[in-house]
Each structure stands twice: as C-alpha cells, then as structure tokens.
Amino acid sequence: MDFGPFLLLAVMEGLVSAAVLALTASGLSLVFGIMRVVNVAHGEFFMLGAVLAWFVSQFVPGPAALSFALALILCPLVVGLLAAIADWAVLKRLNYEPEATIVATIGILYILQQAALSLFGPDARPVPAPVDFRVQLPWFGYAGYKLVVVAAAAMILTLLWVVLSRSRAGLIMRATQEDRDMARAFGINVDRVYAGVFALGAALAAMAAVLVVPITQAHYLMGGDPLLLSFITVIIGGLGSLRGTLIAAIVIGLTDGIVSTFFAPTLARIVATLAVALILVVRPQGLFGRTAP
Amino acid sequence: MTARILWTHVGALAALLAAHVLLPAYHHGNLARIMVLAIYATGYNIAFGYTGLLSLGHALFFGAGLYAAGLTAYYTGLPGWLALLAGPVAGGAVALALGSFALRTAGVAFMIVTLMFAQAFHLAILYLGRWTRGDEGLVIARASRQLFGLDLADGSVRFLVAWALFALTMVAALIIARSGLGRVMVAMRENEERSRMLGYDPYMTKLIALGLSGAMSGLAGGAYALLFGYVGASLASVQYSILPLLYVLLGGAGTVLGPLIGTVAMFYLIDLASNVTDAHQLVTGAALVLLILFAPRGILGSIRDRFARWIP
Amino acid sequence: MDSMTLLETHDLTRHFDGIRAVDGVDLSLRQGEIHALIGPNGAGKTTLVSLLSGRIRAQSGRILFQGRDITAMPAHRRVRLGIAYTFQITQIYRALTVFDNVALAVQWQRPANAAAMVMEALERVGLQAERDAIAGTLSYGHQRLLELAMGLALNPRLLILDEPTQGLAESEIARFDAIVRSVVPQATVLLIEHNMDVVMRLAQRITVLDLGRVLATGTPEEIRANRAVQAAYLGE
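What counts and how
- Residues numbered from 1 in each chain as written.
- Chains lettered and ligands numbered in written order.
- Predicted model: local features only at pLDDT ≥ 70, side-chain atom pairs only at ≥ 80, totals over all residues.
- Heavy atoms only, no water.
- UniProt positions renumbered as here; feature names shortened; annotations may be inferred.
- Helix = DSSP H or I, 4+ residues; strand = E, 2+ residues; numbered from the N terminus.
- Buried < 20%, exposed > 50% of the residue type's maximum accessible area, 1.4 Å probe, protein only.
- Contact = heavy atoms within 4.5 Å.
- Areas by Shrake-Rupley, 256 points an atom, 1.4 Å probe, with all protein chains shown as cover.
- Lys, Arg positive; Asp, Glu negative; His and termini not counted.
- Charge placed at Lys NZ, Arg CZ, Asp CG, Glu CD.
- Buried area = accessible area lost by both parts, 1.4 Å probe.
- Salt bridge = Lys/Arg side-chain N within 4 Å of Asp/Glu carboxyl O.
- Polar contact = N/O pair within 3.5 Å; in protein donor to acceptor, adjacent residues only side chain to side chain.
- 1 Å grid on protein atoms, 1.4 Å probe; cavity = no way out; pocket = protein on both sides within 12 Å on 5 of 7 lines; lining within 4 Å.
- Points joined across faces, edges and corners; volume = space filled by probe spheres on them.
- Nonpolar A, V, L, I, M, F, W, Y, C, P; charged D, E, K, R; others polar.
- Expected span 1.5 Å × (residues − 1).
- Core = buried A, V, L, I, M, F, W, Y, C linked by side-chain atoms within 4.5 Å.
- Pairing = 2+ DSSP bridges.

By the naming in an unreviewed UniProt entry, chain C is Amino acid/amide ABC transporter ATP-binding protein 1 (HAAT family), taken from Albidovulum inexpectatum.

In the nomenclature of an unreviewed UniProt entry, chain B corresponds to Amino acid/amide ABC transporter membrane protein 2 (HAAT family) from the organism Albidovulum inexpectatum. We quote the UniProt Subcellular location (unreviewed entry) comment for chain B here in full: "Cell membrane".

Helix and strand content of chain C: 9 helices and 10 strands. Here the C-alpha coordinates of chain C stretch approximately 50 × 40 × 35 Å along the principal axes. Taken over 236 residues, chain C has a buried fraction of 54%. Within chain C, counting contacts between residues at least 6 apart in sequence, those at least 24 apart form 65% of the total. As displayed, chain C has an accessible area near 10,000 Å², and 48% of this comes from carbon and sulfur atoms. Between the averaged position of the 24 positive side-chain charges in chain C and that of its 25 negative side-chain charges there is a distance of 6 Å.

Let us now look at the interface of chain B and chain A. If you look at the interface, chain B gives 35 residues, while chain A gives 35 residues. Carbon and sulfur atoms make up 85% of the surface buried where chain B meets chain A, a total of about 3,100 Å² over both sides. On inspection of chain B and its partner chain A, the count reaches 0 salt bridges. Run the count over chain B and chain A and you get 2 residue pairs in polar contact (both at pLDDT 80 or more). Elements represented by at least two residues in the side of chain B that touches chain A include exactly α4 (80–102), α5 (107–127), α11 (239–251) and α13 (280–294) of chain B.

In total, this model carries 18 salt bridges over all chains according to the counting rule given. In this structure, C:Arg20 and C:Asp23 form a salt bridge, with 3.6 Å as the shortest nitrogen-oxygen distance. Among the residues examined, C:Arg20 registers a relative accessible area of 52% and is labelled exposed. On the basis of relative accessibility, which here comes to 9%, the residue C:Asp23 falls in the buried class. The partner of C:Arg213 in a salt bridge is C:Asp23, and the shortest N-O contact between them spans 3.4 Å. You can see C:Arg213 sitting in strand β10 (residues 213–218) and its partner C:Asp23 sitting in strand β2 (residues 19–30), a full 190 residues away along the chain. What you see here is one network of salt bridges that share partners, running through B:Glu193, B:Arg196 and C:Arg55.

Attention now goes to the interface of chain B and chain C. Taken residue by residue, the interface counts 19 residues in chain B and 25 residues in chain C. Summed over both sides, the interface between chain B and chain C buries roughly 1,900 Å², with carbon and sulfur atoms accounting for 58% of that surface. The tally of links between chain B and chain C comes to 3 salt bridges. Here C:Arg55 and B:Glu193 are joined by a salt bridge, their closest N and O atoms 2.8 Å apart. Those elements giving two or more residues to the side of chain B that touches chain C turn out to be α8 (180–190) and α9 (192–196) of chain B.

All right, on to the layout of surface pockets then. Its boundaries defined by the atoms lining it, the largest pocket holds a volume of some 1,800 Å³. As for the largest pocket, its lining consists of 50 residues, and the residues nearest its centre are B:Val186, B:Arg189, B:Gly254, B:Arg304 and C:Leu96. Among the elements that take part in the lining of the largest pocket, α8(B) stands out by supplying 6 residues, more than any other. Split into classes, the residues belonging to the lining of the largest pocket amount to 24 nonpolar, 10 polar and 16 charged. As for the second largest pocket, its lining consists of 45 residues, of which A:Gln113, B:His122, B:Ser237, B:Val238 and B:Gln239 are closest to the centre. Of the residues that constitute the lining of the second largest pocket, the class distribution is 24 nonpolar, 14 polar and 7 charged.

Right, let's get into helix α2 (residues 42–59) of chain A. Helix length check: α2(A), at 18 residues, gives a terminal C-alpha distance of 26 Å against a target of 26 Å (1.5 Å per residue), a fit within 8%. Within α2(A), 14 of the 18 residues are buried, which leaves it mostly tucked inside the rest of the structure.

Okay, the nonpolar core next. In terms of nonpolar packing, the biggest core is built from 279 residues, with A:Phe45 and C:Leu146 touching the most fellow members. Excluding residues within four positions of it along the chain, C:Leu146 makes contact with C:Ile92, C:Val98, C:Asn101, C:Val102, C:Leu122, C:Leu127, C:Ala135 and C:Leu138. The next biggest cluster of nonpolar side chains, apart from the first, holds 10 residues, and it includes C:Ile38, C:Met196, C:Ile206 and C:Val208.

Here we come to the UniProt feature "transmembrane region" (unreviewed entry) in chain B. Here, UniProt's "transmembrane region" (unreviewed entry) annotation points to residues 6–26, 47–69, 81–101, 108–128, 160–186, 207–233, 245–270 and 282–300 of chain B. Segment residues 81–101 of chain B splits into 100% helix and 0% strand. End C-alpha atoms: 31 Å apart.

On to the pairing of β2(C). Residue and element names in this part refer to chain C. Pairing of strand β1 (residues 5–16) with β2, which is carried by 9 bridges, proceeds in the antiparallel orientation. By the bridge assignment for β2, Glu8 is matched with Ser28. Counting the residues between successive antiparallel strands, the hairpin from β1 to β2 contains 2 residues, one of them, Asp17, with a positive phi of roughly 45°.

Shown next, in the form of structure tokens:
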C-alpha cells in the first residue's frame, strides 16, 4: 500500500480511538469537574460495560442488532447504578476528601476486577457487531461498524452537551460545581447530584465500552488502557473542562491511532505518559485549563 | 532512647527470629518474602506515614532497585554485595530525580505525577524486552546469588539475610523517626506553612524524605531480586505501588513497627482467604476500602491513640 | 540606612488581580522598638507583613533587613535570619505536644540545651505546666500563647505579630502586654492590632495604612492628632 492510503487508514483508526476516548474521558472529566473526585476505578466501569455486553449478547436471543441495542441501554444503566452505590456507600462517607477518595477508588478497582474475573473468567471473549458491512475504498476495505462507532459516539456526546448546557439537570450540576454549600442552601439535594454525576460518569465509560467491544473483545483486564488514556486526556484538556477534554480526546485519539500505525505503541505510550507528568508539574491546571482547580 | 522503646523493637526482631525456629517450614519462605516486603513498606512509610507524601509510584523505586540488582547479577560477574548495593543506590537516586520534579506539586497532582512516572518506567521495562524479557522476566542463576560466600538460594540463609536487612532498615527508620529530621518530617505532614515559618524548607525536607524512602524501597527491590532470583515487569507494575500503601495503612502510618505488622497481617489475610476463595484481589480491594473508611489510623496507630502515646 | 534601623522597605508593591493591596510602601523599623501597624480592614496590613516575612513575593520594590537585601529570599531563610511571624489564625501543630511545638522552633538553632530553651519560652508565656499536653486540646487563649511561645523561641531580631489579641479575654490581654514588653529592646516587635487600647499602650511608633499606602507614621500622640488619620480611620 502507498503512503497516502496508509495514512488514511491510520486516520480512520485514529477516529475510532478518538470517539471511544472522548466518551470515556468525558465521564472522568465530568466526575472530576463537578465532584473534584479522581476516580481511579473509571477504567473498571469501562471494563464492566464490555463484559456485561458479552453477557447480554449470550443470553438475549434474536438478531445481533437487537441484543446489541439492548446492551447499549442496559449496560450503562447497570454500571451507573453500581457507581451510584459506590458513591453512596464509600465516597460520600469519606466526605470526598481527595486523597482518601483515591485510595478508596483503588480498592473499588480491585473489587470490580476480581468480580469480573470470578464471574466472567480470564479469557477474552468476542461480542458480535450489530451490523456487518464493509466500505470498499479504492485501496482497502474498511469495517463499516467502525464508522458506526464514530457516529454513535458523536451523537451521544452531542446529547450530553445539550443536557449539560440546556437542561435543568445540567444547570443543577453546574450550580453544584460552582459552590456546593450555596447549591445546598438553594434546596438542591447535593448528595443526589453527586451520586447522579458519579453514575453518569461511569455510564459514559460503559457506553464507550459497549460500542467498542465488537472491535476489541471483552476481557477483565481491559480497563487499564482506557484509564491511562483518559487520565492523559483529562489532564491535557484542562482538569474538569469538558470542552478541553473533547478537543484533547480527538487530538490524542488521532495521534495514538496514527503513531501506533507507524511506531511501536509502547514507546508512544511512554512518551505520552512522561509528557503528561511533566505538564502536571509545570501547569497543575492542565494544558488548556485557565484557573487552578 | 527510652528503654521500653528499645525493648519493643528488639523484641519484634527477636520474635521474627523465633518464628523462623519455631514455625513449620511452610512459613520460612513466606517470612523471608514478608520481611523483604516489610522493608519496602518501611521505606514507603518514611514518605507517606511520616512526611505525608501520598505517592502512587513507589513501584518505580522498588523496580529500580530490583532491576539494578537483578541486571547486575544476571549480566555481570560482579560480586553479590555490589549487586545488592546497587538496589538502594538506584532506588535513592531515582527517588531524588523524581522528587526534584514531582515535589513541585502536592496532593492529588503529586499522586498522579508519581503514578505516571512509575507507569512510564513499567512500560519502559516492557519496551526494553530484549534485555529485561518483559513480563516473562529473568531468572538469576544460583551461581550469581552469592553474598560473601553465603548461598542466597538456600532457605535458611535466605531467611537470615532477609531478617538482617529488615533489622537494618527498621533500626534506620527508628533512628530517623526519633531524630530532628524525623520531627521536621512530621511537622511538614501536620502543617507545612507553619513549618516554613519556623525556618524549615518544605521542598528540601520532602526531597530528603523521598530519597531515604526510595533508597529503602530500592533495597527491598534489590533484596527481592537476589533472594528470590527473579526479576520481572509485573514486580514494577502499579500493583506494587499500591501494596506498600495497603501494608502501611493496615499496620499504622507513621509508626516504626506498623509496616511490619501490616505486611504480616495482609500477607496471612490473603493466605487464609486463598483457602476459601482464589479471589485475593477482592481481599486487597475490600481491605483498602474498609481501612480508609473505618480505620485510617491502622492497627498500631489506633493502639497508639488509645493506650500508648510513646510508640514511635 | 542608619545603625538604628533594623528593617526598611522602599516602594514595596504587590497587586492582586488589579487590586493594589500594597502600593509603594516605605516603612522603617528601628532597632528595639514596638511598632504598630494599623488601618481599616482591607488596608493591606496582612499583605505587607506577608511580604516582609516572605510568605508572598513582592512585585517591585526592595526590603532591607540589617542592611541586607532580602527581597528575593525565601521565607524559611528569613526566619533563620531573625524574622519571625506569628499567624493571625492560630497555626500550631494540633496533633503534637506543646513541648514538641516549641522544640521545632528551637531545633535548627542547635543550642547546647534545647530542652531548657523550650521550657524558657514556655515559662515566658506561662504554659510550662502544659508541656506534655496535645496542642489541639488547649483552650483558644492558650493556643494563642503557644503560638507566641513559638515566635519567642525562634529568638528573632524582628517579631511580627498579626492580630495577636484577637479573641482573647481582658485578663489574657494584660498578660500578653507584659510578654510583648519583655521582647524589647533586645528585639523589635511589629504589631498588627485592631484593639486601639493595646496599640496606644504598647507602641512607641505607629504606621497607618490605608488602601495599600502609608497614610502617616509617628508616635501615638502624633497619630492621634493627625487629621488625615482621623478622617480615614479613627473618626470612622
């Protein structure tokens, strides 16, 4: 293949990574932005979404498209509910004290990972794609489902954007983010908002996982990479800024896709990780953030 | 030093020796491993327990010591004591280098920065698989695991060397905790701004503490490589950054004996749990959540609060 | 700079987001005096002493201490040079004993008998009986005294007291007067204080700050008689 088509393929692969990353990272960003919680278990919520999608695909009869649509609705709901329980049972009781919260979410990470290993097993398992067609370009054929992933992610993110900026729920979230005590004084049930935001963040990760699982397969250790990449995205995008997170996700997803087509992915990961650590040292508010958190 | 402090710690060391003599052979290998991990936890405690530096990247220092000692023993014909010494030197040097960057941040940013650096190191080990053989790791030959004519592959020797290294580390921790430096470290943990206005440089104090912590962690890594004859990337993974945090939280942060108590307790908790279930990660996770929720002071920390304020 | 001057500032300036907290201040403290810094809320008093102690950096201007330019020196080194600062909001190590709190102030001086030096500082504020108490369990008044003892134990050339009598009872203030008087003339005291009785009783000289600028400097009598001060502050 010539360089031109090769680059096109790399960009298309990058777009898929970017779409999945944008969904996952916006969940992490939302939780950090509104609750000031660094959720280390975020990658496990992603993993749970994929694993649950496999269960749905196994136990729901009928065409793949139907069971997949069901998974896309059901898995985020279940994962969100789990997250809300974790918030109520653990994080709330720690009064969202930052360092204690991180230690607790590490514990939750282990528990969820073990639960997946025990119930799902150590093997990677495939989930059938809901649609099966190929887009034939002059130079290569391309799985049509990957384009569906990009479109679906774009739709979900647009919907999220509208909800956050236009709806009453979004207004309440932003008010809570501005000033927790003031929001409480205005009669907002802050506990419920926090549980809801934590659930929404986890549900976004789960949605991303359901979308991507027909491409990557489900595995109980699959949460590590999305966690690391989401961290990188959220930090570069400016901690807690959704707009910055989306831009960063597109840049990083594309870069990751292109770079790993041409170079060793591990080396790219090393460089990205070190770069992010240095960014945090020099600009603790993130690369595009305006004020310190 | 008051007599009861001295006797408490000498007693703990004697109890470990006695355990070696009295307990069935099954425990000997366990105890050697526990003591190496307790060295690691003791080092972690210098940073986290005494100075208040919550690092999520200590696997970097443990791993630096592990690979410094392991690669020296595997690839060179240098004597065992030099390979062992490479552990703390590498751990301390890496900690000082990391600290000079990371200590410009605090709190959550510090946690993430240390996590990221350790992650980069872990990935680098995988990337340099030609020399490290990545996750599969290297097995160090018995001939390269000699320390002053002692065969470290022998069970009894291994136990005694682990015990001696732990004793050395514990005494060092005790001296640090009761020194002027130890007091300033605690002062930084309790109130950094106040300490600055009493004439202490927060950055330097934390850097020294992190260097000492890194050297002890590196010693643990080096001891692990030579005593158990194996170095692998999984020993430098993020799990190995969480383990010492767990041990220290369980045993009691900011106490000299807490790391040992936490390591023993956690090790046997997981050991017991494996009889019932193979879900040892569940034990780890649940222990972390329950400790941070209900007993953030740990075993020895709670005892100190209620009964014995003199425990250092 | 004459030999009687301990510290002086030239055109010292610090703005926050366009607010001129300290705006071109020239201040001079004499060796061994009690110098009060007064002014309405928001006049820039705490910002000014934060600049002197190094807790925040100056944007422009200079600070000279014993003839030496310390404008860029970090706070902890200024403390070792002899500039001690006691906090407006009590900052003690609540989890440590009273003794350890003061010992931390003594330790870096490496005295021959550190314990004796700690006890001496505790005796000066009358807390010697509380030496083994956990600092956080002390009454508010005693915590203020402990804060003061830590300042004294630093053996400073200049002791900066930021609203030391805030929240103290009358009887405690009388004790405080005596302690501050005992510091001079070996050292100098810079006192930020809202309680005018305390200021008029203790201060040899007073500097009045308003909107980040020096309105007047002089003896208590001169300040009382100053019309600009009356308009801006005393007559409010």
